[in-house]
Amino acid sequence: GWNVQAQSHCGFERELAADDEAQLLAVPRKQRAEVRKGLENDLTIHVGSAREDRDAHYGVYAESVRNLGTPVFPRQLFDAVLESFGAEADILTVRHEGKPVASVLSLYHRGAVMPYWGGGTWDARRLRANDRMYYELMLHARARGCTRFDFGRSKTESGAYFFKKNWGFE
C-alpha cells in the first residue's frame, strides 16, 4: 500500500563478493581502473573509532562538505553516533604521507555495511583516495562478516546517483 516515487530517489545495495579479487572484479571496468590507480598510490588505511580516528574523520568530512557548500554537522553528532552504536560503527580513513585525505563513518546492521558520512579533501581526487576508501570498506565489511554493501539512496540523476552507478550498483 505504499506510494512509490521512483523518479525522485534511488536506493543502491548489493551483495559483497566472496574475496578481495572477486570484489575488485565486481566493479565495472572504468571504475575498477580508478580503484587500481588508488591501490598503486602510497596510501595507508586505518579503521577505528578512537580520538585520532574521530579527529581525522571530522577534519576531512568538514572540509569536504564545506567545499560542496553544504552545512557541516557538529562534531558531537558523530561522537554520539559512535558512542551509541559501539562496535556497530567505525571510521575508515585513508592517509597520504600521514595526512588524512578521505574518511567515512559507517554503520553495520543485519549483515550490511552502510557508509553514512564520508568525504575527501582536494588531494583525494588526484590520489583516487575516495575510490580506494570505498573498495577498502567493502573488504573490511566482508572481514567483519557483512554480506551486503548499502550505498544508501541518492536523488535520481544526481552526481551521487551516477557515482554509485559507476560502481556497478543498480
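Look up a bit, the structure's there.
The structure displayed is predicted, hence computed values, not measured ones.

S.K.: Can you break down the overall build of the protein residue by residue, with the values?
M.R.: Counting secondary structure elements, the protein contains 7 helices and 6 strands. Each helix and strand of the protein, placed in order from N terminus to C terminus, yields the pattern β-α-α-β-α-α-β-β-β-α-α-β-α. Seen along its three principal axes, the alpha-carbon backbone of the protein occupies a region of about 45 × 35 × 35 Å. The buried share among the 170 residues of the protein stands at 44%. For the protein, the exposed area adds up to about 9400 Å²; of that, 51% sits on carbon and sulfur atoms. The positive charge centre, built from 24 side chains, and the negative charge centre, built from 23, are 5 Å apart in the protein.

S.K.: Tell me about unusual backbone geometry, and please be specific about residues and values.
M.R.: You will see that Glu 97, though not glycine, has its phi angle at about 50 degrees, which is positive. Secondary-structure assignment places Glu 97 in the loop between strand S3 (89-96) and strand S4 (99-109). The exposure class of Glu 97 is exposed, given its relative accessible area of 69%. Phi angles above zero are rare outside glycine, and Arg 128 is one such case at about 60 degrees. Looking at where Arg 128 falls in the secondary structure, it is placed in the loop between helix H5 (122-127) and helix H6 (129-143).

S.K.: Mind laying out the side chain of His 57, listing which residues take part and the relevant values?
M.R.: Note on placement: His 57 falls in helix H3 (residues 51-67). The buried category is assigned to His 57, whose relative accessible area is 1%. Each residue touching His 57, except ones within four places of it in the same chain, is listed here: Phe 78, Ile 91, Ser 103, Val 104, Leu 105 and Trp 117.

S.K.: Quick rundown of the packing of aromatic side chains? Include the residues and the values.
M.R.: In this structure the tally under the stated criterion is 15 aromatic pairs. Each ring, one from Tyr 58 and one from Phe 78, has its centre 5.8 Å from the other, and the planes form 55 degrees; the classification is tilted. Placement of Tyr 58 in helix H3 and of Phe 78 in helix H4 (residues 75-85) is noted, with a sequence separation of 20 residues between them. Of the two residues, Tyr 58 and Phe 78, both sit in the buried class. Plain terms: the ring middles of Tyr 134 and Trp 167 are 6.4 Å apart, the flat faces sit at 80 degrees to each other, and that makes the pair edge-to-face. With a gap of 33 residues between them, Tyr 134 in helix H6 and Trp 167 in the segment after helix H7 (159-166) connect regions that are remote in the sequence.

S.K.: Lay out the environment of Asp 42 with the relevant residues and their values.
M.R.: By the element assignment, Asp 42 lies in the loop between helix H2 (29-40) and strand S2 (43-48). Between the C-alpha atoms of Asp 42 and Pro 28, which are 14 residues apart in sequence, the distance is 23 Å. Aside from chain neighbours lying at most four places away, what touches Asp 42 is Arg 95, His 96 and Glu 97.

Rules used throughout
- Residues numbered from 1 in each chain as written.
- Predicted model: local features only at pLDDT ≥ 70, side-chain atom pairs only at ≥ 80, totals over all residues.
- Heavy atoms only, no water.
- Helix = DSSP H or I, 4+ residues; strand = E, 2+ residues; numbered from the N terminus.
- Buried < 20%, exposed > 50% of the residue type's maximum accessible area, 1.4 Å probe, protein only.
- Areas by Shrake-Rupley, 256 points an atom, 1.4 Å probe, with all protein chains shown as cover.
- Lys, Arg positive; Asp, Glu negative; His and termini not counted.
- Charge placed at Lys NZ, Arg CZ, Asp CG, Glu CD.
- Contact = heavy atoms within 4.5 Å.
- Phe/Tyr/Trp six-rings, centres within 6.5 Å; stacked < 30°, edge-to-face > 60°.

These values are about where atoms sit, not about what they do.
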